[in-house]
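Each chain, letter by letter, is given below.
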Amino acid sequence: MQALRARGLVKRYESTLAVDGVDLAMPAGEVRGLLGPNGAGKTTLLRMLFGLVRPDDGAIELLGRPLNAPFSIPLEGTGGFVEEPCFYPYLSGRANLELLAQLDGVDPGAVVDELLARVDLHGRAADRVSGYSTGMRQRLGIAAALLRSPRLLLLDEPTSGLDPVGARAVAELVRELSAQGVAVLLSSHLIGELENVCDAYTFLRHGRVVWDGSADRLAAEAPASAFTLHTSDDDRAAAIAAAHRGVRAGRSPRGALAVAVGPEGLDGFSLALGQAGVAIRRLELLVSPLESMFFALTADTEATLHELGPHELAERALAKA
Amino acid sequence: MSAAARHPDVPATATASPTGAVGRVFATERRKLTAQLSTRLLAVVCLAGPFAFAGILKVQSGTPSDSLLGVYVHSSGFAIPLVVLAFAGSWGFPLVAGVLCGDMFSSEDRYGTWKTVLTRSCTRGELFAGKLLAAMTFMTALVALVAVASVLAGVLLVGGQSLVGLGGALISPGHALALVLLSFLICLPAVLAYTSLAVLLSVATRNGIIGVIGPIMVALATQLIDLIGKGVIVHMLMVGSAFNAWTGLLTTTRPFFGPLIVSIGVSLAWIAASVAAAWRLVRSRDFAGTAVGARVGWVAPVRTVAIVVAVIAALALATDLGPVGITRARLTASMAPEFNQVTLLQQQLIGRAVPPDATFYIKPNCFKRAAVSVGPGDWTCTMNVFLPRPGRVAFERSPVDYDVSVASNGCYKAQSPPAFIGGQTMPDARGRSVVNPLYIVYGCFNVL
Ligand SMILES: Nc1ncnc2c1ncn2[C@@H]1O[C@H](COP(=O)(O)OP(=O)(O)OP(=O)(O)O)[C@@H](O)[C@H]1O
Ligand SMILES: [Mg+2]
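Bear in mind the structure is a predicted one, so any value in this text is a computation, not a measurement. Sequence order as written defines residue numbering, which begins from 1 separately in each chain. All chains are assigned letters beginning with A, and all ligands numbers beginning with 1, in the order in which they are written. Totals for whole chains, interfaces and linings use every residue, but because this is a predicted model, local features are given only for residues with pLDDT of at least 70 and side-chain atom pairs only at 80 or more, for both listing and counting. Side-chain calculation: all heavy atoms of the structure are included, whereas hydrogens and water are not.

Q: Can you help me understand the overall build of chain B in this one?
A: Scanning chain B from terminus to terminus reveals 14 helices and 9 strands. By its C-alpha atoms, chain B is 105 × 45 × 35 Å across when sized along the principal axes. Looking at chain B residue by residue over its 448 residues, the buried ones come to 52%. We call two residues in contact when some of their heavy atoms are within 4.5 Å. Sequence-distant contacts in chain B: of pairs separated by 6 or more residues, those separated by 24 or more amount to 71%. For the accessible areas, the method is Shrake-Rupley and the probe is 1.4 Å, while residue cover comes only from the protein chains on display. Split by element, the accessible area of chain B, about 19400 Å² in all, is 68% carbon and sulfur. For the purpose of charge, His is not counted, nor are the chain termini; Lys and Arg are scored as positive and Asp and Glu as negative. Charged groups are reduced to one reference atom each: NZ for lysine, CZ for arginine, CG for aspartic acid, CD for glutamic acid. Once the 32 positive and 17 negative side-chain charges of chain B are each reduced to a mean point, those two points are 3 Å apart. Numbering of helices and strands runs from the N terminus; a helix is a DSSP stretch of H or I covering at least four residues, while a strand is a stretch of E covering at least two. Three exposure classes are used, based on accessible area relative to the maximum for each residue type with a 1.4 Å probe and protein chains only: buried under 20%, partly exposed in between, and exposed over 50%.

Here's what the structure looks like:
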């Protein structure tokens, strides 16, 4: 059974075609990153999955159960939030969670305390939500999403507003849940945070899926990564790079040498440096494969990945770096 | 976020029945409402308001004589809840319905919490039903609170004396208490109709301000429309028409139930229509987030106001439709036995032995001032009383003029200049000052 299946989803807001024929499938335990520039339709897609907005076309199945037109099926087993989580400001964080537990028919007793501790809010649980910071509200939203032990978790920018510790904790949590068989769909702009968490990615642009595949496939297909390179002789290294096919070199803003190189190109380039007697002192990842994929796919141009040559893509990765 | 994850294989959500889900929504809604300051204030006002009203009347001598049975607030504790009810029906209950329920749905828009509650284990239908149930339950509780508080205030601060009914006859304390409580019960459908209307406004406009003041605006429009028009149709079809229905029960000369049955039916129809419309809106709605909030500008409120003004204008124009409710014949037929009744009451109070079924020979003559004699407004009734004169053949005719203001629901207040029948108070047989039952006479007749 797929945790999530969506076929041909379309949503139009007045003149905007927010989602335009999206297919999505997730097996249990998969962590999938949903990527796309602002306005790509990520939130709208999640809203449709939650039954908050009515798709103009298409079909949705959550945990094997179809989400039908009148949205009369309660979202048993599906948790999460879209955009920033919202709560009743006149109630405390704890009261809000208790209220949602009550709606779910869950005994709030121990669960609420456990979750408050888990998202590091137990110290402020008795305060009214109106006095919470953005990050605290985000933490409360994560606690609310976990309240009924979901088997499918849909999270819209879960780390937005979180401090680095909190963001890392979310990543750990997601991996932990995935190990237990929970399917997690994560939408985010913070690519770095997705990189080590996701098993698969879906890229959206203008409401369409422009790339969909596993993390491994992405690493193989990613146009180019960019690195800062510190060598014993940067000028020679730059000259070698210029001569090497599939490698682009330039200077980073702080004067260091930056090279953009596709997945296969790095081996040859480093060997060439060695043969020329240039020692590599440090190689730092500047633009990851995922980022370069994101830049490539979300560029203003309508061209698809395959229409752009590796050269062009490397150029772009470097430009963004 | 370090504690071990809970085991997801254990389904935390029991497969609850749909009524169970509605019950859960109801419970959360109850919790939210009781946590809100406005709800607590309303409960305090409903509880303390009647006591404050009775207390103020106790320390000052004035009477709210324009309200039905208002002159009797010092002489029977049971007049207090009825005056409170008349006020509550015109203003109080619509206001309470607006404050309690007019923001119940729009607040979810304001706080952005629709998405929070709609992504839990309950459907839209269950959520709607649970919220509606909470609204109705809280309103019913507040009406009960006002009823109990005003009866207690009356009985404790004024006393449990017999009450002069709308036909001029005395109603025993036990009977009066039952009628008072029944009157509050009869108003309940109208209260719930206003509640449903508040819910509809809240859902339709997604604007708490319109939801909260909408019902009181409807009440205001009702007050205005009740001043005009001679037809019964529009008046009977107003949301709050059942607020007048209790008067038929307290009419001692001849109780009537027609308007009561019709207006309760009208209330139920309002409830059904408002709830159905609100549900349709919630059911078909997209919860598409903050863009909606951004779009709330002046367009929606202006459109709402325009629609409301058009509806009020149309209603005002339509008030003449249908059978005429207030006619000369009906007023005359009501005034004559009532005048007879209050005259007997006055004689009893003074201490004269009058057989309880004694009748005077009265020929009333009513006409509307400066207009054709139909419809609500200011009337004049001349009661020609023919008193037997001992030793003579002819009767002595003594005319008593009453200024009668008749409301469109068929209730009237008749007041006579003191020259004819004495002042507002008079000494009774034991020399105590009592209300002169002839000075101001309240009555009602069936307009259907
Ligand atoms: N309520 C709405 N009314 C009208 N248009 C909307 C609404 N919500 C979204 N849109 C439009 O739909 C498109 C997709 O928006 P959506 O919020 O899904 O994008 P997103 O990928 O979540 O963007 P972001 O990264 O900024 O969160 C946008 O063009 C947006 O303008
Ligand atoms: Mg978004």
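Q: Even after reading the chapter, I still don't get the sheet that holds strand β14 (residues 280-287) of chain A, so can you show me in this structure?
A: Sheet strands line up and pair through hydrogen bonds in the backbone, either parallel or antiparallel. All names here are of chain A. Here 4 strands make up an open sheet; going across it, the order is β12-β13-β11-β14 and the pairing antiparallel. Strand pairing shows two members of the sheet lacking a second neighbour, β12 (247-251) and β14, which therefore form its edges. Between one strand axis and the next, the sheet turns by 30° as a mean value, whatever way the strands run. Pairing of strand β11 (residues 225-231) with β14, which is carried by 6 bridges, proceeds in the antiparallel orientation. The residue bridging A226 from the neighbouring strand is V287, located in β14. The sheet contacts of helix α8 (residues 234-243) involve β11, β12 and β13 (257-261), and relative to β12 the element is tilted by about 145°. Where helices are involved, their axes are fitted lines through C-alpha atoms of the stretch in contact, as for all axes, and angles between N-to-C directions lie from 0 to 180°. Its contacts with the sheet place helix α10 (residues 289-298) against β11 and β14, and it is angled at close to 40° to β14. Between any two strands, pairing holds if DSSP finds at least two bridges.

Q: I would appreciate a short explanation of the packing of helix α6 (residues 124-157) of chain B against helix α7 (residues 173-205) of chain B in the present structure.
A: Two packed helices can be described by the angle between their axes and the distance between those axes. Residues and elements named next belong to chain B. Close contact between α6 and α7 brings their axes to 9 Å; oriented N to C, the two are set at 150°. The angle between α6 and α7 places the two elements in the roughly antiparallel class. In the packing of α6 onto α7, the handedness of the crossing is right-handed. Every residue of α7 that contacts α6 at L132, A135, M136, M139, T140, V143, V146, A147, S150 and V151 is listed here: L177, V180, L181, F184, L188, V191, L192, T195, S196 and V199. Oblique is the label for every angle not falling under 35 degrees (roughly parallel), over 145 degrees (roughly antiparallel), or within 65 to 115 degrees (roughly perpendicular). The hand of a helix crossing depends on one turn: near helix anticlockwise from the far one by less than a right angle means left-handed, and clockwise means right-handed.

Q: Would you explain helix α9 (residues 265-275) of chain A in this entry?
A: Given 3.6 residues per turn, any residue in an α-helix points the same way as the ones three and four places further on. Residues and elements named next belong to chain A. Listed in full, the buried residues belonging to α9 are G265, F269, A272 and L273. The arc that holds every buried residue of α9, seen down its axis, measures 100°, which confines them to one face. Opposite the packed face of α9, turned more than 90 degrees from it, sit the exposed residues D267, L271 and Q275. As for α9, its buried residues are in contact with β11, α8, β12, β13 and β14. Arc definition: directions from the helix axis to the C-beta atoms.

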